[in-house]
Amino acid sequence: MHFQWFPGHMTKAIRSMREDLKLIDLVIELADARIPISSRNPEIDSLVQGKTRILLLNKRDMADSSSTSAWIKHFESQGIYAMAINAKQKNEIRAVSDLIAKACHEKRERDLKRGIKNRPVRAMIVGIPNVGKSTFINTYAGRASTKTGNKPGVTRGKQWIRLNKGVDGTVELLDTPGILWPKFEDQIVGLHLAWIGSIRDELIINTDLALDLIEFLQEFYPDVFEKVYGFLPNEDSVRVLNQLAEARGCKSKGGAPDLDRAAFLLLDDFRNARLGTITIEKP
Ligand code: G4P
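Within each chain, residue numbers correspond to sequence positions counted from 1 in written order. Per-residue local features of the predicted model are confined to residues with pLDDT of at least 70, and side-chain atom pairs are confined, for both listing and counting, to 80 or more; whole-chain, interface and lining totals are unaffected and use all residues. Excluding hydrogens and water, the side-chain figures rest on all heavy atoms present in the structure.

The next point concerns the packing of helix α4 (residues 90-103) against helix α6 (residues 133-141). Only the contacting stretch of a helix is used when fitting its axis, a line to C-alpha atoms as for every element, and angles between N-to-C directions run 0 to 180 degrees. The secondary structure listing takes helices from DSSP runs of H or I that are at least 4 residues long and strands from runs of E that are at least 2 residues long, numbered from the N terminus. In the contact formed by α4 and α6, the axes pass within 9 Å of each other and the chain directions differ by 85°. The pairing of α4 with α6 is recorded here as roughly perpendicular in orientation. Together, Lys90, Ile93, Val96, Ser97 and Ile100 of α4 and Phe136, Thr139 and Tyr140 of α6 make up the contact between the two elements. Asp, Glu, Lys and Arg are counted as charged, while Ala, Val, Leu, Ile, Met, Phe, Trp, Tyr, Cys and Pro are counted as nonpolar; the rest, among them Gly, fall into the polar class. Residue composition of the contact of α4 with α6, grouped by class: five nonpolar, two polar and one charged. Angles are sorted into four bins: roughly parallel if under 35 degrees, roughly antiparallel if over 145, roughly perpendicular if 65 to 115, and oblique for all others. Here, residues are in contact when the closest pair of their heavy atoms is within 4.5 Å.

The next point concerns the nonpolar core. Note on terminology: a nonpolar core comprises buried Ala, Val, Leu, Ile, Met, Phe, Trp, Tyr and Cys residues joined through side-chain atoms within 4.5 Å. The buried label applies to any residue whose accessible area, calculated with a 1.4 Å probe on protein chains only, is under 20% of its type's maximum; exposed applies above 50%, and partly exposed to all values in between. Ile28, Leu56, Val96 and Phe136 are the most contacted members of the largest nonpolar core, which has 77 residues in total. Top contributing element to this core by residue count: helix α8 (residues 206-220), with seven residues. Excluding residues that lie within four positions of it along the chain, Phe136 makes contacts with Leu30, Leu56, Ile85, Ala87, Ile93, Val96, Ile125 and Ala141. Core analysis: the second largest hydrophobic core is formed by ten residues, Leu55, Leu57, Trp71 and Phe75 among them.

Next up on the list: the pattern of salt bridges. Any carboxyl oxygen of Asp or Glu that lies within 4 Å of a side-chain nitrogen of Lys or Arg is treated as forming a salt bridge with it. Within the structure shown, the criterion is met by 14 salt bridges. The salt bridge partner of Asp45 is Arg53, with a shortest N-O separation of 2.9 Å. Using a relative accessible area of 22% as the deciding quantity, one classes Arg53 as partly exposed. Taking the shortest distance from any N to any O, the salt bridge between Asp269 and Arg248 comes out at 2.7 Å.

Further remarks concern a negative patch on the surface. Taken together, the side chains of Asp208, Asp212, Glu215, Glu235 and Asp236 present a region of like negative charge at the surface. Examined against the element boundaries, Glu235 turns out to sit in the loop between α9 (224-229) and α10 (237-247). Distance thresholds for patches are 9 Å for like charges and 5 Å for nonpolar side chains (Val, Leu, Ile, Met, Phe, Trp, Tyr), applied to residues having over 30% relative accessible area and no salt bridge. For the area figures, the Shrake-Rupley method with a 1.4 Å probe applies, and any residue is considered shielded solely by the protein chains shown. Positive charges come from Lys and Arg, negative ones from Asp and Glu, while His and the chain ends are left out of the count. One atom stands in for each charge, and that atom is NZ of Lys, CZ of Arg, CG of Asp or CD of Glu.

Of the two faces of strand β7 (residues 171-174), the one carrying Val171 and Leu173 and the one carrying Glu172 and Leu174 are both buried. For two strands to be treated as a pair, DSSP must find at least two bridges joining them. In terms of strand pairing, strand β4 (residues 121-127) meets β7 through three bridges, oriented parallel. The residue bridging Val121 from the neighbouring strand is Val171, located in β7. Here three bridges tie strand β6 (residues 160-162) to β7, and the two strands are oriented antiparallel to one another.

To continue, consider the environment of Gly50. Positionally, Gly50 belongs in the loop between α2 (44-47) and β2 (52-58). The class for Gly50 is exposed, based on a relative accessible area of 84%. Considered as a pair, Gly50 and Lys107 are 57 residues apart in the sequence and their alpha carbons are 12 Å apart.

The topology assignment puts Tyr81 in strand β3 (residues 81-84). Sequence-wise, Tyr81 and Pro233 are 152 residues apart; in three dimensions their C-alpha atoms are separated by 41 Å. Among all residues touching Tyr81, those that are not within four sequence positions of it are Arg53, Ile54, Leu55, Leu99, Lys102 and Ala103.

Right, let's get into the confidence of the model for the protein. pLDDT expresses how confident the predictor is about each individual residue, on a scale running from 0 to 100. Chain-level pLDDT for the protein is 88 on average; 91% of the residues reach the 70-or-more range. In the model, residues 149-155 has pLDDT below 50 throughout and makes twelve contacts with residues more than four positions away in sequence or in other chains.

A word on the packing of aromatic side chains. Geometry of aromatic contacts follows a simple scheme: Phe, Tyr and Trp rings, the Trp one being its six-membered ring, pair when their centres are within 6.5 Å, and the pair is stacked under 30 degrees between planes, edge-to-face over 60, tilted otherwise. Within the structure shown, the criterion is met by seven aromatic pairs. With a centroid separation of 5.1 Å and 25° between ring planes, the pair formed by Phe136 and Tyr140 is classed as stacked. In this pair, Phe136 and Tyr140 are both assigned in helix α6, four residues apart and thus about one turn of the helix distant. Here Phe136 and Tyr140 have matching classes, each one buried.

Bringing the pairing of β3 into the picture now. Where β2 meets β3, four bridges bridge the pair, whose relative direction is parallel. Looking at β3, one finds that Leu56 is bridged to Met83. Chirality of the crossover, the property in question, places the unit of β2, helix α3 (residues 65-77) and β3 among those that are right-handed. Place the viewer so that the strands point away; then a crossover is right-handed whenever the path from the first strand over the helix to the second strand goes clockwise.

We now examine unusual backbone geometry. Not every positive phi belongs to a glycine, and Lys59 is a case in point at roughly 60°. Notably, Asn130 is not glycine yet its phi reads approximately 80°, a positive angle. Inspection of the secondary structure assignment puts Asn130 in the loop between β4 and α6.

In structure tokens form, the structure reads like this:
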């Protein structure tokens, strides 16, 4: 995955989102359960002011479940409707409908008082690249959905996916997600996005990234090295990278440890959850 944002992109994204938001009752924000801070857009609050919102921490299968529970409690304590999901699993996503019903309860009551019955809730998915927006739409809408086609007032080309009518009424989902950008100017945000593989930049040096990751793992998940690679880690991260090169048989032509290769393998193992379920940001 590779993305690069310029001021022009952001202006365009904001403009297009403002247009879409006029049609929307409910904003469904997706974030990555491993980095619930860095994978959110700092301007979301001002962008979606006044809309009903829910927050889904996606890729929960890759995050540490105790941290995920703590995050959900944290967001709930801020009055945010939140839940953790794995967007690839249809059976997990069903529970999202209940959360939507809960979040939209007030709107439906208001509608009823005004004599409006069965007006569908119109929802939109938003999030930074790679958090799983398309996966979510595909899994959630699934085969049971029907496309309702263009409607007056809707920008040409926009499609609403009508989700199955439940006891609490119909939900219509805009088929194109709103794409937000992360807070790039924050170095920690950039580092965490790079660890999970959401920024692939030629300027990022894998060995530096791996050394930082080793230091993080030493502090929060110290057992990983023994469990996954079978060695007890040295206190010094450069030495650990050497140990890793040894354990994984990474050698340069002359026989010296190939640290670039070891760094690449560590990052690849981490990004594919082969190091286990790990949450980078704690509440
Ligand atoms: P986006 O629209 O927000 O940019 O994200 P997208 O759905 O394209 O998902 C980005 C990557 O994250 C995809 O992997 C997707 O399969 C994966 N993904 C989405 N949700 C989950 C989840 O809950 N758990 C896990 N483990 N992965 C998830 P990819 O490698 O880019 O594509 P593919 O190999 O799956 O085709």
